[in-house]
Amino acid sequence: MSRLVRRPLAVLRWKDDLPLSFVYEGQRHQVRWILDEWWEMGEWWRAGRDRRMVRVWTDVGACMDLECEEGAWRVYRIWD
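Overview of the structure. (Residues numbered from 1 in each chain as written. Predicted model: local features only at pLDDT ≥ 70, side-chain atom pairs only at ≥ 80, totals over all residues. Heavy atoms only, no water.)

### Some remarks on the overall build of the chain
Moving on, step 1. Broken down by element type, the chain carries zero helices and seven strands.
Moving on, step 2. Reading the chain from its N end, one meets helices and strands in the order β-β-β-β-β-β-β.
Moving on, step 3. Since a compact globule built from 80 residues should have a radius of gyration of about 12 Å, the 12 Å found for the chain is in line with a globular shape.
Moving on, step 4. Oriented by its inertia axes, the alpha-carbon framework of the chain measures out at about 40 × 30 × 25 Å.
Moving on, step 5. By residue count, 38% of the 80 residues in the chain fall in the buried class.
Moving on, step 6. The contacts of the chain with a sequence gap of at least 6 include a subset with a gap of at least 24, amounting to 40%.
Moving on, step 7. As presented, the chain carries roughly 5,400 Å² of accessible surface, and 50% of it is formed by carbon and sulfur atoms.
Moving on, step 8. Placing the 14 positive and 14 negative side-chain charges of the chain at their respective mean positions leaves the two points 4 Å apart. (Helix = DSSP H or I, 4+ residues; strand = E, 2+ residues; numbered from the N terminus. Rg over C-alpha atoms; globule rule 2.2 N^0.38 Å. Buried < 20%, exposed > 50% of the residue type's maximum accessible area, 1.4 Å probe, protein only. Contact = heavy atoms within 4.5 Å. Areas by Shrake-Rupley, 256 points an atom, 1.4 Å probe, with all protein chains shown as cover. Lys, Arg positive; Asp, Glu negative; His and termini not counted. Charge placed at Lys NZ, Arg CZ, Asp CG, Glu CD.)

Function cannot be inferred from these measures alone, as they are strictly geometric.
If you want it as structure tokens, here you go:
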């Protein structure tokens, strides 16, 4: 199961244009593994923009989908 959150995160370190560590809701996360990476198309009928999606596993045992749209990174989904 998962929950959709779409909330901002603060990137602390980068590697190859991807977040390596970040703060989300006051908790620091270090990316241990990048599990998947893909692009999702925006709603073309509303002039939506494509967004980059990355599924990560962090040092605190969280599996999260991160999204980047127009240069802003957010936690899109948290997996249970």
